[in-house]
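If you want the building blocks of each chain, they are given just below.
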Amino acid sequence: MLVMGIESSCDDTGVAVLKDGKEPLANLLSSQVKIHSIFGGVVPELAARKHLDNILPLTHKALSEAGISLSDIDCIGVTNRPGLVPSLLVGLTFAKGLSFGKDIPLIGVNHLEAHAFAVFLEREVEFPFVCLVVSGGHTNLFLVEDYGVMKLLGKTLDDAAGEAFDKVAKLLGLGYPGGPVIDAISKKGDPSRIRFPVSRVDGYNFSFSGVKTAVMMYLKRENPDLSDEAVKADIAASFQEAVVKALVEKTLKAASDYGVKSVVVSGGVACNSRLREAFCRCSGELGISCHFPSPGLCTDNALMVAYVASYRFERGERDALDLDAFSRI
Ligand code: KG4
Ligand code: ZN
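Residue positions within a chain follow its written sequence, with the count starting from 1. Each chain gets a letter, beginning with A, and each ligand a number, beginning with 1, in the order they are written. Totals for whole chains, interfaces and linings use every residue, but because this is a predicted model, local features are given only for residues with pLDDT of at least 70 and side-chain atom pairs only at 80 or more, for both listing and counting. Heavy atoms from the whole structure form the basis of all side-chain values; hydrogens and water molecules are not counted.

Caption draft 1: Layout of the coordination of the zinc ion (ligand 2). Protein ligation of the zinc ion (ligand 2) involves His111 (NE2), His115 (NE2) and Asp300 (OD), the donor distances falling in the range 2.1 Å. Sodium, potassium and calcium take a 3.2 Å donor cutoff, other metals 2.8 Å, and in both cases only N, O and S atoms count; water is not among them, so sites may look incomplete. Irregular is the label for any site that misses the other tests, which are tetrahedral for four donors with all angles between 85 and 135 degrees, and square planar for four donors or octahedral for six when opposite donors exceed 155 degrees and the remaining angles lie between 65 and 115. Angles of 91 to 146 degrees at the metal separate the four donor atoms of the zinc ion (ligand 2), which places the site in the irregular class. Within one chain, the residues donating to the zinc ion (ligand 2) are spaced in sequence as H-x3-H-x184-D. Taken together, the residues span a long stretch of sequence, with His115 in helix H4 (residues 111–117) and Asp300 in the loop between helix H10 (295–298) and helix H11 (303–314) at a distance of 185 residues. Each helix is a run of H or I in the DSSP string that is no shorter than four residues. Each strand is a run of E no shorter than two, and both are numbered from the N terminus.

Next comes the structure, spelled out in structure tokens:
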């Protein structure tokens, strides 16, 4: 069984080919970070146009890397929700064209389900587990009961955690995307130097716009010397600590409330070294095992989309050509 995955929900165009739901034959990604970094964030119209430039050459390259032709593909899985609708439409329309032209079954994939199951490309995790999908566009907590059976427990009420990293990096003049730079410079900083509060919200929901504003107010009030790398590292580390603490606390509370033995953390922010460390330490104390996909599978990629499409295809699921794109799940 050969499944092609297509991903274009945000600013990365991805095309992958997965064999029998486990063997990656190709996994290509074309990042648009250079264009969007000029604006300090993703510009939806530019992202959609760039997907259009990228998608056909990337598909040719993926097929040639996999050593197959389009007619060998048994199913096409494409992200159709949630995401930037102009971006989603490029991948979706392209996938529909291939499906119609070559009579290949089509399956629309939920991007968050793809993030939640990305880890399965590397190892199986026993059901049920709690999954935190934490990226530039999402901060969602799920109880995952089976393949594709996910109950939403909570989500961010405002900014996604990655969005807060990107905005704080912008305030500190660190460029876009902010997460990796904050992660790197925080290693030299003191995380207990400044106390940035994270808003406490009900249940398993999150809120990160307050902590971003707290950093902004601190910069206004204290006017710290941002040309001093040590000063900047302390601010970055203190902000990162506040976000990490909130993510770890809520996720592990959900895990113990639901009595699950495993937690999966995925999405771009799951690359964060302090987050990984904190999850491993705290989950160990509670006897919960913690699983992270390797960094290339945490960030947006088409292989995770192909993985979800593979088990849906095996179950006999198919989507019609009137499949639509949605900004929300
Ligand atoms: O999953 P992803 O590639 O795209 C979205 O679906 O958003 O995640 C990108 C986000 C960006 O906000 C980026 O700053 C953040 O993930 N990110 C990180 C790290 N690496 C990427 N945040 C914190 N620490 C990192 N090491
Ligand atoms: Zn994503």
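Caption draft 2: Expanded view of helix H8 (residues 229–257). By this rule the span expected of a helix is its residue count minus one, scaled by 1.5 Å. Taking 1.5 Å as the rise per residue, H8 with 29 residues should run 42 Å; its terminal C-alpha atoms sit 42 Å apart, in good agreement. Put simply, Asp228 is the residue that caps the front of H8, since its side-chain oxygen is 2.9 Å from the backbone nitrogen of Ala230. Just beyond H8, the residue with positive phi is Gly259, at close to 65 degrees. Under this definition, polar contacts are N or O atom pairs within 3.5 Å; protein pairs additionally need one hydrogen-donor-capable and one acceptor-capable atom, and for neighbouring residues in sequence, both atoms have to be side-chain atoms.

Caption draft 3: Region of interest: the site of ligand 1. Lining the immediate environment of ligand 1, one finds 20 residues, of which Gly136, Asp166, Gly179, Asp183 and Gly268 sit closest. Between ligand 1 and the protein, one listed contact pairs an oxygen atom with a backbone N or O atom of Gly136 at 2.8 Å. One of the side-chain N or O atoms of Asp183 is found 2.9 Å from a nitrogen atom in ligand 1. Out of a free accessible area of 550 Å², ligand 1 has 91% covered by protein chains. Contributing elements (two or more residues each) for the shell around ligand 1: H4, helix H5 (161–171) and helix H6 (178–186). Examining the composition of the shell around ligand 1, we find that four residues originate from one element, H6, more than from any other. Of the residues that constitute the shell around ligand 1, the class distribution is five nonpolar, 12 polar and three charged. Domain start and stop points were drawn from an automatic or database domain assignment. Here the shell around ligand 1 spans two domains, since at least three of its residues come from each of domain 1 (2–116 + 298–314) and domain 2 (124–292). What makes a residue near a molecule or strand is one non-hydrogen atom of that residue sitting within 4 Å of it. Shrake-Rupley sampling with a 1.4 Å probe provides the accessible areas, and residues are treated as covered by the protein chains on show and by no other component. Note on residue categories: nonpolar means Ala, Val, Leu, Ile, Met, Phe, Trp, Tyr, Cys or Pro, charged means Asp, Glu, Lys or Arg, and polar means any other residue, Gly included.

Caption draft 4: Fine view of the pattern of salt bridges. Counted as salt bridges are all cases of a side-chain nitrogen of Lys or Arg within 4 Å of a carboxyl oxygen of Asp or Glu. All told, the structure shown has 16 salt bridges when counted by the stated rule. Two residues, Asp159 and Lys212, come together in a salt bridge whose shortest N-O distance is 3.1 Å. Of this pair, Asp159 sits in the loop between strand E8 (149–155) and H5 while Lys212 sits in helix H7 (residues 209–222), and the two are 53 residues apart along the sequence. Each member of the pair Asp159 and Lys212 is classed as buried. In the salt-bridge network here, residues are joined through shared partners; they are Glu113, Arg312, Arg315 and Glu317. For every residue, the accessible area obtained with a 1.4 Å probe (protein chains only) is divided by the maximum for its type, and the residue is called buried under 20%, exposed over 50%, and partly exposed between those limits.

Caption draft 5: A look at the side chain of Ser283. Tracing the backbone shows Ser283 in helix H9 (residues 273–286). For this analysis, residues touch if any pair of their heavy atoms sits within 4.5 Å. In this structure, Ser283 is in contact with Leu252, Ile288 and Cys290, ignoring residues within four places of it in sequence.

Caption draft 6: Inspection of the sheet that holds strand E2 (residues 12–19) at higher detail. For two strands to count as paired, DSSP must find a minimum of two bridges between them. Judged by pairing direction, the sheet is mixed, and its five strands sit side by side in the order E3-E2-E1-E4-E5 without closing on themselves. Each end of this open sheet is capped by a strand with a single partner; those strands are strand E3 (23–31) and strand E5 (106–110). Pairwise comparison of adjacent strand axes, ignoring direction, gives a mean angle of 20 degrees for this sheet. Fitted lines through C-alpha atoms give the axes, limited to the stretch in contact for helices. The angle between two N-to-C directions lies from 0 to 180 degrees. Strands strand E1 (2–7), strand E4 (75–81) and E5 of the sheet are contacted by helix H3 (residues 85–102), whose axis makes an angle of about 155 degrees with E4. Docked against the sheet, H11 engages E1, E2, E3, E4 and E5, running at close to 130 degrees with respect to E1.

Caption draft 7: Highlighting the packing of H8 against H9. Orientation of H8 relative to H9, taken along the N-to-C sense of each, is 35 degrees, at an axis distance of 10 Å. Considering how the two elements wind past one another, H8 and H9 form a crossing that is right-handed. Here H8 contributes Gln240, Glu241, Val244, Leu247, Val248, Thr251 and Leu252 to the contact with H9, which in turn contributes Arg274, Leu275, Ala278, Phe279, Cys282, Ser283 and Leu286. In terms of residue class, the contact of H8 with H9 is built from nine nonpolar, three polar and two charged. Rotating anticlockwise by less than a right angle from the far helix to the near helix defines a left-handed crossing, while the corresponding clockwise rotation defines a right-handed one.

Caption draft 8: Representation of helix H2 (residues 44–66) in the model. When the terminal C-alpha atoms of H2 are compared, their 31 Å separation across 23 residues agrees well with the 33 Å that a helix rising 1.5 Å per residue should span. A residue's bend is the angle separating two fitted axes: one through the seven residues that end there, the other through the seven that start there. Considering bend angle alone, the principal kink of H2 is centred on Asn54 and spans about 35 degrees; proline Pro57 follows within four residues of it. Restricting attention to buried positions, one finds in H2 the residues Ala47, Ala48, His51, Asn54, Ile55, Leu58, Thr59, Ala62, Leu63 and Ala66. Buried residues belonging to H2 abut E1, E2, E3, helix H1 (33–37) and H3.

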